[in-house]
Protein chains: 2
Amino acid sequence: MDKILRINMTDATVRSQDADKSYELFGGRGLIARILTEEVPALCDPLGPENKLVLCPGLLGDTVAPCHGRLSVGGKSPLTGTIKEANAGGTFAKRMVSLGLKALIVEGQPSSKEWSIVILDKDTAEIRPAKQYMGMNNYQLTDELRTEFGNGVSIASIGCAGERGYRNSTIQITDPNGRPSRAAARGGLGSVMGSKRIKAFVITGSGEYKGEYHDRAAFLENNRLYTKEVLANPISGQGLPTFGTAVLVNMTNAMGILPTNNFRQGQFEFAEDISGERIAELQATRNGVMKHACHAGCVIHCSNIINDATGTYVTSGLEYETIGLNGANCGIRDIDVVAQIDRICDDLGIDTMETGCTIGVCMEAGKIAFGDGAGALKLLQEMKEGSEFGLLLGQGTEVAGKSLGVARIPIVKGQAIAAYDPRGLKGTGITYATSPMGGDHTAGNALGMPGDPGDKEGKVEISRNLQVAMAVMDSLGICIFASFVFENPDNIALLANMVGAKFGGEWDIPKLMGLGVQALAMEKKFNRDAGLTAKDDRLPEFMYREELPGSGLLFDISDEELAATLPF
Amino acid sequence: MDKILRINMTDATVRSQDADKSYELFGGRGLIARILTEEVPALCDPLGPENKLVLCPGLLGDTVAPCHGRLSVGGKSPLTGTIKEANAGGTFAKRMVSLGLKALIVEGQPSSKEWSIVILDKDTAEIRPAKQYMGMNNYQLTDELRTEFGNGVSIASIGCAGERGYRNSTIQITDPNGRPSRAAARGGLGSVMGSKRIKAFVITGSGEYKGEYHDRAAFLENNRLYTKEVLANPISGQGLPTFGTAVLVNMTNAMGILPTNNFRQGQFEFAEDISGERIAELQATRNGVMKHACHAGCVIHCSNIINDATGTYVTSGLEYETIGLNGANCGIRDIDVVAQIDRICDDLGIDTMETGCTIGVCMEAGKIAFGDGAGALKLLQEMKEGSEFGLLLGQGTEVAGKSLGVARIPIVKGQAIAAYDPRGLKGTGITYATSPMGGDHTAGNALGMPGDPGDKEGKVEISRNLQVAMAVMDSLGICIFASFVFENPDNIALLANMVGAKFGGEWDIPKLMGLGVQALAMEKKFNRDAGLTAKDDRLPEFMYREELPGSGLLFDISDEELAATLPF
């Protein structure tokens, strides 16, 4: 992968360039950090012409490493005002690889209101009018694009949310079944794509690019050993494929950290009803699929295909965070309602996590009652229609919460936090607070780490190590679920060996982790230049003063400890 | 004035204390800066229990200095996230003085949803249930309170906006006619009062406190000379009393800096229709009043009482900023519509400036057309009713603009800027960018200062000097309109003499200006502690890249120059 394709929307030009040699060890999140730091003024308007949208595979995207097909998407976030990398499964990263594309960089902004689709083929990139596709949401849009361009296409697209500049909007990626079920979900990057007036990227052809290895045999051998460990791990080898990520529902509920009723409780009376176990049980009778792979190259298969009671497809990739935040956090016990919410979110192109927290603050405000599934669906309908209230909801949890007079708004740097109450899972709370991405769990989730999760002892170090490790995985383009095996350092060494066998040179654990430190340091620089300080690295006020029922825990990590978490 | 009254709303207690001697030279804005810096955690939730609401007269509030009756109101702003002082005329400051009150500090937050009114009399302060007043807007509310407590009361109150936590909400102060026409308007302090669940402060009695002078004769002599200068000044002595602040409409229009159609132009075709001259002409036929004093002690009389075509009262204090932002900036040429907007804003308790810019971005988004006065009134009706869209609008210009997908949002630190296009009035633009208050013109308006207003040369120094001088005036509690005479340093020396004669000690111009520097330095410290940096001291992006039609000017002050503006 040595080509960088620059699409300038100001003058509708496309320019292909060979990546400078200095980019060799930059991929995925690390490449985004470098491009944004070097090319985007940190103070720019995220929806203005100076921001850039970057799509790229990871450093191991052209190998056979396990779960190597993640697509990183980046830009300055209109939701958080920070740098943003959101990554997704689906088919797009692999297809970019086949075209030899190291990165796709969208620059500028059209002066006209005309929208485009971008068609990428073996040796061509074409900007075409999108007129007939405007106003479509992702399921219809991808159907229509397949009708026009054939079933073999891979699509990255936005729905009405990205068109309208919703700050909760996603970029949806088609999965191996052609459905737009995977999302670069966080931080409103769909609206950045919309600000460039691009409705969809469609890769119609496949190129012949094949990844090269410095030492192919060594790569394959280390890869074999690493993959074996991933499959032998009880979480990535058993729990996740059997029950999907929703396997966590019963676990976090038992721990008392499953956000319930807008983070008022940590246990949900009806957790069982929305658990992974229940989903597996139901789907077994409905012809649904557990053990679904969201991208080629995945060895874990934590995704699923969810059918309704009539056996009809509803959604794919019904995940723990979606269930935790739209289920328990909204007091909704009907898993079929949660599945519908997930489908609608993918269709409109909005972040399920931001959405769950937004519905939660609407319930907190008394707009609808906790547990009111029909009411929640009505709120989604408002976002779909773009009603006045829908426009407000599309701005995310902070704006919705403030507008409705809610004091308890579960956000960090403007972004909704995930489905782990940070008072009872301190390490994850530290990550929420300090990640350059804003409230984010994939940046370093401490669930399952050693020690009492509600005790602060040692958690700064745990969060730091996890944040570095996740930045490594996101730079390699490998799904973070392939890192549960990091508990044994020998496995990290295997991964370092793989990177060495791919690129050459001596690689050990510190050098591998250096990729993560480098990405984080660039991200933090971008954020500092954008005006953020350590004062932004905090949880919402109520986490510090309102005890988590059951355990009575508060978030008790001091600002000084938070400031020491990522000391670069 | 040596008493500080602390009202704790957590436990509904009132505590009177003697002000420490160290507070002697702190009043108005300076006192607020000190109290907030010392007592309020800068990172607190502005609508949470840790924030405090402070009301206080200025240092010369108990003298006969010209225009000494300003009331300073302060707290951490929910709109800007900064420290905030907003000051107003009206009757409240003088009545606080009569009770010997140096400051009224509201602390804590009730755990119940019950609202209160606070009744202040000679030696008593009482917290009473507000039940029968809830939901009332300011005109009805003050009528009812007068019915209950007598016509002689002075009232500081909130309307539905403050009750609902609107971030554009004001605290309205009754004027000498008993009408709630004066506003501590900026930064959403009404919602801070609402967060304490206080609907109104009512001062029922008058105390016997009389200000003391170190050297009464010297004070009176310097005061006589200073007042004579104020009255001899062509602006404060003639323009303002004759036409009100609206005298500026024709002036800024001629200069090409009258914001028109959401800052798209700097000249309004129908400026004449909304000018001070036209208002004076109309009101002469309608029994309206020009030369109205908004508070006792005012010698300028720039306020007015506006009647409609039938001679019926509509509003009082129809000001330039209100007219510029709700008139020209919205393309509305009907001054009677603007007067209605002003009345409704005072009634609901919302900032006319924030409102004008909010309507402007709604027009920019095509929600209603530029010039659509009926549409603008409908938007106000939505805020009054608290409809879903009204709740959004109540969050101010930034939230409304972002929700509606508008790129050109005229704000600094979340607060709408005033009715002077900063591209054509660089000194004021520098103040908008760098004032610790967010986009604000009263913090240092360079209109009328020496030099070409559109040229950047020397404007940093002009803004700095003005910001210091305005912080002095706001600390003394003297209307800033009594500072037009500062163009002659001899007059500043007279004011320094007055402060010396009041408090003793040697006072010269540098010492007097030290009061302003001290206030600004504390404010900047608070903001730094709240996480703000020099990166927040910028104008909106479009001011840097979109030329002001007519002059072709851009805002061309560099970040380095802005950072050098207030170097403390």
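As the structure is a prediction and not an experimental result, all values here were calculated from the model.

Criteria and thresholds
- Residues numbered from 1 in each chain as written.
- Chains lettered and ligands numbered in written order.
- Predicted model: local features only at pLDDT ≥ 70, side-chain atom pairs only at ≥ 80, totals over all residues.
- Heavy atoms only, no water.
- Buried < 20%, exposed > 50% of the residue type's maximum accessible area, 1.4 Å probe, protein only.
- Helix = DSSP H or I, 4+ residues; strand = E, 2+ residues; numbered from the N terminus.
- Contact = heavy atoms within 4.5 Å.
- 1 Å grid on protein atoms, 1.4 Å probe; cavity = no way out; pocket = protein on both sides within 12 Å on 5 of 7 lines; lining within 4 Å.
- Points joined across faces, edges and corners; volume = space filled by probe spheres on them.
- Buried area = accessible area lost by both parts, 1.4 Å probe.
- Salt bridge = Lys/Arg side-chain N within 4 Å of Asp/Glu carboxyl O.
- Polar contact = N/O pair within 3.5 Å; in protein donor to acceptor, adjacent residues only side chain to side chain.
- Nonpolar A, V, L, I, M, F, W, Y, C, P; charged D, E, K, R; others polar.
- Least-squares fit on C-alpha atoms with pLDDT ≥ 70 in both.
- Pairing = 2+ DSSP bridges.
- pLDDT = per-residue confidence, 0-100.
- Axes fitted to C-alpha atoms, helices over the stretch in contact; angles between N-to-C directions.
- Parallel < 35°, antiparallel > 145°, perpendicular 65-115°, else oblique.
- Left-handed = near helix turned anticlockwise from the far one by under 90°.
- Phe/Tyr/Trp six-rings, centres within 6.5 Å; stacked < 30°, edge-to-face > 60°.
- Lys NZ or Arg CZ within 6 Å of the ring centre and 35° of its normal.

Colleague: Would you mind showing me how to read helix H16 (residues 426-434) of chain A here?
Modeller: One full turn of an α-helix is made of 3.6 residues, so residues set three or four places apart face in the same direction. All names here are of chain A. Burial analysis of H16 places nine of its nine residues in the buried class, which makes it a mostly covered element. Lys426, Gly427, Thr428, Gly429, Ile430, Thr431, Tyr432, Ala433 and Thr434 are the residues of H16 that are buried. Looking at the buried positions of H16, the neighbouring elements they touch are strand E16 (411-412), helix H17 (459-476) and helix H21 (559-563).

Colleague: I would appreciate a short explanation of empty space enclosed by the protein in the present structure.
Modeller: If you roll a probe as big as a water molecule over the atoms, it shows you where there is empty space left. All names here are of chain B. In this structure the tally under the stated criterion is four cavities of 30 Å³ or more. In this model, the largest cavity occupies a volume close to 40 Å³. Ile279, Leu282, Gln283, Arg286, Ile306, Leu318, Ile335, Asp336 and Ala339 are the residues that line the largest cavity. Looking at the lining of the largest cavity, the elements with two or more residues in it are helix H9 (276-284) and helix H11 (335-348).

Colleague: Sorry, what's going on with the interface of chain B and chain A here?
Modeller: Buried accessible area, meaning the area lost when the parts come together, often serves as the stated size of an interface. At the interface, 30 residues of chain B touch 30 residues of chain A. Note on chain B versus chain A: buried area summed over both sides is about 2,400 Å², and carbon and sulfur give 52% of it. Of all residues in chain B, the largest losses of buried area upon contact with chain A belong to Leu43, Glu388 and Lys535 of chain B, amounting jointly to 24% of the total for that side. A salt bridge links Lys535 of chain A to Asp529 of chain B, with the nearest nitrogen and oxygen atoms 4.0 Å apart. Counting across the interface, chain B meets chain A through ten residue pairs in polar contact (both at pLDDT 80 or more). The element that contributes the greatest number of residues to the side of chain B that touches chain A is helix H14 (residues 388-393) of chain B, accounting for four residues. Classifying every residue of the side of chain B that touches chain A gives ten nonpolar, five polar and 15 charged.

Colleague: Looking at this model, I keep getting lost on the relation of the copies chain B and chain A. Mind explaining?
Modeller: The operation linking the two copies of the chain is a rotation about an axis combined with a translation along the axis. Note on the identical chains: chain B maps onto chain A by a rotation of 180 degrees and an axial translation of 0.0 Å, with an RMSD of 0.0 Å. These values place the two chain copies in the arrangement generated by a two-fold rotation axis. The rotation axis passes nearest to the C-alpha of Phe389 of chain B in chain B, at a distance of 3.0 Å. With an isologous cut-off of 70% or more, the 100% of interface residues of chain B that recur at the interface of chain A puts this contact in the isologous class.

Colleague: Got a minute to help me understand the pairing of strand E6 (residues 101-107) of chain B in this structure?
Modeller: Successive side chains on a regular strand alternate, one facing one side of the sheet and the next facing the other. Residue and element names in this part refer to chain B. Counted residue by residue, E6 has seven buried out of seven residues, so it is predominantly covered. Strand direction decides the pairing type here: strand E1 (residues 3-8) and E6, joined by six bridges, are parallel. Of the residues in E6, the one forming a bridge with Ile4 is Ala103. Relative to E6, strand E3 (residues 53-57) is paired through three bridges, and the arrangement is antiparallel.

Colleague: Which parts of the structure should I look at to understand the environment of Gly266 of chain B?
Modeller: All names here are of chain B. Here Gly266 is to be found in the loop between helix H8 (248-255) and H9. Along the chain, Gly266 and Gly256 lie ten residues apart, while their C-alpha atoms are 4.5 Å from each other. The residues touching Gly266, leaving out its near neighbours within four places in the chain, are Thr252, Asn253, Gly256, Ile257, Leu258, Thr260 and Leu548.

Colleague: What is the right way to look at the confidence of the model for chain A in this model?
Modeller: Predicted coordinates in regions of low pLDDT should not be interpreted in detail. Model confidence for chain A is summarised by a mean pLDDT of 96, while 100% of its residues fall at 70 or above. If you check the scores for this complex, the pTM reads 0.92 and the ipTM reads 0.85.

Colleague: Any chance you could explain the packing of H16 of chain A against H17 of chain A here in plain terms?
Modeller: Residue and element names in this part refer to chain A. Orientation of H16 relative to H17, taken along the N-to-C sense of each, is 60 degrees, at an axis distance of 8 Å. One way to sum up the angle between H16 and H17 is to call them oblique. In terms of crossing hand, the pair formed by H16 and H17 is right-handed. Listed contacts from H17 to Lys426, Gly427, Ile430, Thr431 and Thr434 of H16 are Lys459, Val460, Ser463 and Gln467. In terms of residue class, the contact of H16 with H17 is made up of two nonpolar, five polar and two charged.

Colleague: Help me understand the sheet that holds strand E2 (residues 13-18) of chain B in this model?
Modeller: Backbone hydrogen bonds hold the strands of a sheet together, and the pairing may be parallel or antiparallel. All names here are of chain B. In spatial order, the strands read E2-E1-E6-E3-E4-E5; together these six strands make up an open sheet with mixed pairing. Taken across any chain shown, the strands that pair with only one partner, and hence form the sheet edges, are E2 and strand E5 (83-88). Between one strand and the next, the sheet's axes are offset by a mean angle of 15 degrees, whatever the strand orientation. Here E3 runs beside strand E4 (residues 71-76); their pairing, made up of four bridges, is antiparallel.

Colleague: Whenever I open this one, unusual backbone geometry confuses me. Can you help?
Modeller: Glycine aside, the phi torsion of most residues is negative, and most peptide linkages are trans. All names here are of chain A. Positive phi is not limited to glycine here, since Ala12 has a value of about 55 degrees. With respect to the secondary-structure elements, Ala12 resides in the loop between strand E1 (3-8) and strand E2 (13-18). You can call Ala12 partly exposed: its relative accessible area is 48%. A positive phi angle, near 65 degrees, is found at Asn287, a position not held by glycine.

Colleague: Could you clarify how one ought to interpret the packing of aromatic side chains in this entry?
Modeller: Describing an aromatic ring pair means giving the distance of the ring centres and the angle of the ring planes. Residue and element names in this part refer to chain B. Summed over the entire model, instances satisfying the criterion amount to twelve aromatic pairs over all chains. For the ring pair Phe268 and Phe270, a centre distance of 5.8 Å and an interplane angle of 80 degrees mean the geometry is edge-to-face. The class of Phe268 is buried, set by a relative accessible area of 7%. Residue class for Phe270 comes out partly exposed when judged on its relative accessible area of 25%. Ring centres 5.7 Å apart and planes at 80 degrees place the aromatic pair Tyr544 and Phe555 in the edge-to-face group. With Tyr544 in helix H20 (residues 542-545) and Phe555 in the loop between H20 and helix H21 (559-563), this residue pair connects regions lying eleven residues apart in the sequence. Above the plane of the ring of Tyr23 lies Arg34, whose end atom (NZ or CZ) is 3.9 Å from the centre.

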